[in-house]
Amino acid sequence: MRAVVQHGIRDVRLEERPNPTPGAGEVLVRTSAVTICASDVHMFAEGNVGGVSWEEPFIPGHEAAGVVEDPNDTDLPAGTRVVLDPAVACHDCDMCAEAMFHLCRNLKFCDLPPVDGAMRELIAWPANRVFPVPESLDLVEAPLIEPLCVAVHALELASRPAGAVAAVAGCGAIGLFTLQMARLQGAEKIFATDPVAERLAVARELGADETIQVGLQDPVAEILRATGDRGVDLVFEAAGPQEALEQCLGVVRPAGEVVVIGIPSADEYRLQASSLRRRELTVRFVRRQNENYPQAVELVRRGAIKLGPMLTHRFPAERAQEAFLLAERKLEGAVRVAVVFD
Ligand SMILES: [Zn+2]
Ligand SMILES: [Zn+2]
């Protein structure tokens, strides 16, 4: 099979690799497309994500969709169109016992070295981590169910989306899904911020009431002005950089809540203790998602959430290097970029 392999910083190549053989409880999936997550971009451009690096060349990608090629010993019929949940919990530890599978102490994650990712023609994956999707869904858009799950989970953690004045910092895929989810759950007004004008246009299309272009406008000043200095009840940080978190903390009202989803490059945040304490803020961190696939698939099936506007670019596997560079540089209004296998 052909596989995209990362050899070094900003160096991915399409290569031949042996076909995988499914083990007990695994199905073999023929991959249709893999979308490039911000975490893949960190690994591509910086050589690590959240402190995890690699020693051997590895296959990136964890947002994948495809078609069951070989059911093996499972009851998923061949030909089923599916998305993959990249996280495999042990079902044995204390966190799993409390149904917090995403916080499993022995979690295996697709594309976190040494586990190879999904950017290859065939992948063997546990059948219970493979979810059927409707026939109507484009299999190049379907990998976006994964970042959608993160947004579904972020809204599960947020204590009061209904009726809230909210802000979303960062209009990448997760930010835009968070925006859609906040709207769906009854947020009264939503601000969205991002440095890229095209992304803000998508945010408006998806229901942002006001957008602020970071770099040209000051998000803190604009949001405070628009709320009569009140600030917002709930902010989602879906950008990553320190400045974005500072802006979130700058616009949240006393007793408000900041939900942090983004991954900072430097793997650390600086917080001003007094500013958090005096306003008695709640700062929540989001770790991916927890068993949200069936719910996310259903939201897409009934048209409550759109995937299409987030998938801005498609590249054949031969041009994976170009796809990664575009995703890194966020050129041409790129939100999510797909690497497609034919
Ligand atoms: Zn992802
Ligand atoms: Zn576990």
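Just so you know, these numbers come straight off a predicted model, no measurement behind them. (Residues numbered from 1 in each chain as written. Chains lettered and ligands numbered in written order. Predicted model: local features only at pLDDT ≥ 70, side-chain atom pairs only at ≥ 80, totals over all residues. Heavy atoms only, no water.)

Colleague: Mind laying out the domain arrangement of the chain, listing which residues take part and the relevant values?
Modeller: Looking at the chain, the domain boundaries give domain 1 (2–141 + 307–340) and domain 2 (149–285). One C-alpha centre belongs to domain 1, the other to domain 2, and the line joining them spans 28 Å. Domain 1 puts 16 residues into the contact, and the matching count from domain 2 is 18 residues. Roughly 1200 Å² is buried in total at the junction of domain 1 and domain 2, and carbon and sulfur atoms are behind 68% of that figure. Interface area lost by domain 1 to domain 2 is led by Pro309, Met310 and Val335, which between them contribute 36%. Taken together, domain 1 and domain 2 are joined by zero salt bridges. Here domain 1 and domain 2 share three residue pairs in polar contact (both at pLDDT 80 or more) between them. Considering each element in turn, the side of domain 1 that touches domain 2 owes the most residues, three residues, to helix 1 (residues 38–46). (Domains from an automatic or database assignment. Contact = heavy atoms within 4.5 Å. Buried area = accessible area lost by both parts, 1.4 Å probe. Salt bridge = Lys/Arg side-chain N within 4 Å of Asp/Glu carboxyl O. Polar contact = N/O pair within 3.5 Å; in protein donor to acceptor, adjacent residues only side chain to side chain. Helix = DSSP H or I, 4+ residues; strand = E, 2+ residues; numbered from the N terminus.)

Colleague: So what's going on with empty space enclosed by the protein? Which residues, and what values?
Modeller: According to the stated counting rule, one finds one cavity of 30 Å³ or more in the structure shown. Lining the largest cavity are Ala167, Ala169, Thr193, Pro219, Ile223, Val235, Gln247, Cys248 and Val251. Broken down by secondary-structure element, the contributors of at least two residues to the lining of the largest cavity are strand 10 (165–169), helix 6 (219–226) and helix 7 (242–251). At three residues, helix 7 tops the list of elements feeding residues into the lining of the largest cavity. The residue inventory of the lining of the largest cavity, partitioned by class, reads seven nonpolar, two polar and no charged. (1 Å grid on protein atoms, 1.4 Å probe; cavity = no way out; pocket = protein on both sides within 12 Å on 5 of 7 lines; lining within 4 Å. Points joined across faces, edges and corners; volume = space filled by probe spheres on them. Nonpolar A, V, L, I, M, F, W, Y, C, P; charged D, E, K, R; others polar.)

Colleague: So what's going on with the coordination of the zinc ion (ligand 1)? Residues and values would help.
Modeller: Only Cys37 (SG), His62 (NE2), Glu63 (OE) and Glu146 (OE) from the protein reach the zinc ion (ligand 1) as donors, at distances of 2.2 to 2.6 Å. What the four donor atoms of the zinc ion (ligand 1) show is an angle range of 82 to 160 degrees at the metal, which sorts the shape as irregular. Take Cys37: its relative accessible area is 9%, and that puts it in the buried class. (Donors = N, O, S within 2.8 Å, 3.2 Å for Na, K, Ca; no water. Tetrahedral: all angles 85-135°; square planar, octahedral: opposite > 155°, others 65-115°. Buried < 20%, exposed > 50% of the residue type's maximum accessible area, 1.4 Å probe, protein only.)

Colleague: If you had to explain the coordination of the zinc ion (ligand 2) to someone new, which residues and values would you point to?
Modeller: Protein-derived ligands of the zinc ion (ligand 2) are Cys90 (SG), Cys93 (SG), Cys96 (SG) and Cys104 (SG), with the metal-ligand distances lying across 2.4 Å. One way to put it: the four donor atoms around the zinc ion (ligand 2) meet at angles of 99 to 122 degrees, and that makes the site tetrahedral. Written as a sequence motif, the donor residues of the zinc ion (ligand 2) are C-x2-C-x2-C-x7-C. Of the two residues, Cys90 is situated in the loop between strand 6 (87–88) and helix 2 (94–97) and Cys104 in the loop between helix 2 and strand 7 (108–109); the sequence distance between them amounts to 14 residues.

Colleague: Before we move on, could you go through the packing of aromatic side chains and cite the residues and values that matter?
Modeller: Inspection of the entire model under this criterion finds three aromatic pairs. Taking 5.0 Å as the distance between ring centres and 10 degrees as the angle between the ring planes, the aromatic pair formed by Phe131 and Tyr293 counts as stacked. With a gap of 162 residues between them, Phe131 in strand 9 (residues 130–132) and Tyr293 in helix 9 (residues 293–301) connect regions that are remote in the sequence. Of the two residues, Phe131 and Tyr293, neither departs from the other in class, the shared state being buried. (Phe/Tyr/Trp six-rings, centres within 6.5 Å; stacked < 30°, edge-to-face > 60°.)

Colleague: Quick rundown of the nonpolar core? Include the residues and the values.
Modeller: In this structure, Ile145, Leu148, Leu176 and Phe177 are the most contacted members of the largest nonpolar core, which totals 55 residues. Of all the elements in the fold, those that place two or more residues in this core are helix 3 (145–157), strand 10, helix 4 (173–184), strand 11 (189–194), helix 5 (197–205), strand 13 (232–237) and helix 9. Here the element with the most residues in this core is helix 3; it accounts for nine residues. Apart from residues no more than four positions distant in its own chain, Ile145 is found in contact with Val83, Leu137, Tyr293, Ala296, Val297, Val300 and Leu307. In this structure, Val27, Phe44, Leu326 and Phe341 belong to the second largest nonpolar core, which totals 36 residues. (Core = buried A, V, L, I, M, F, W, Y, C linked by side-chain atoms within 4.5 Å.)

Colleague: Run through the environment of Val115, naming residues and quoting values.
Modeller: Inspection of the secondary structure assignment puts Val115 in the loop between strand 7 and strand 8 (122–126). Along the chain, Val115 and Leu271 lie 156 residues apart, while their C-alpha atoms are 34 Å from each other. Apart from the residues within four sequence positions on either side, Val115 is in contact with Lys108, Phe109 and Cys110.

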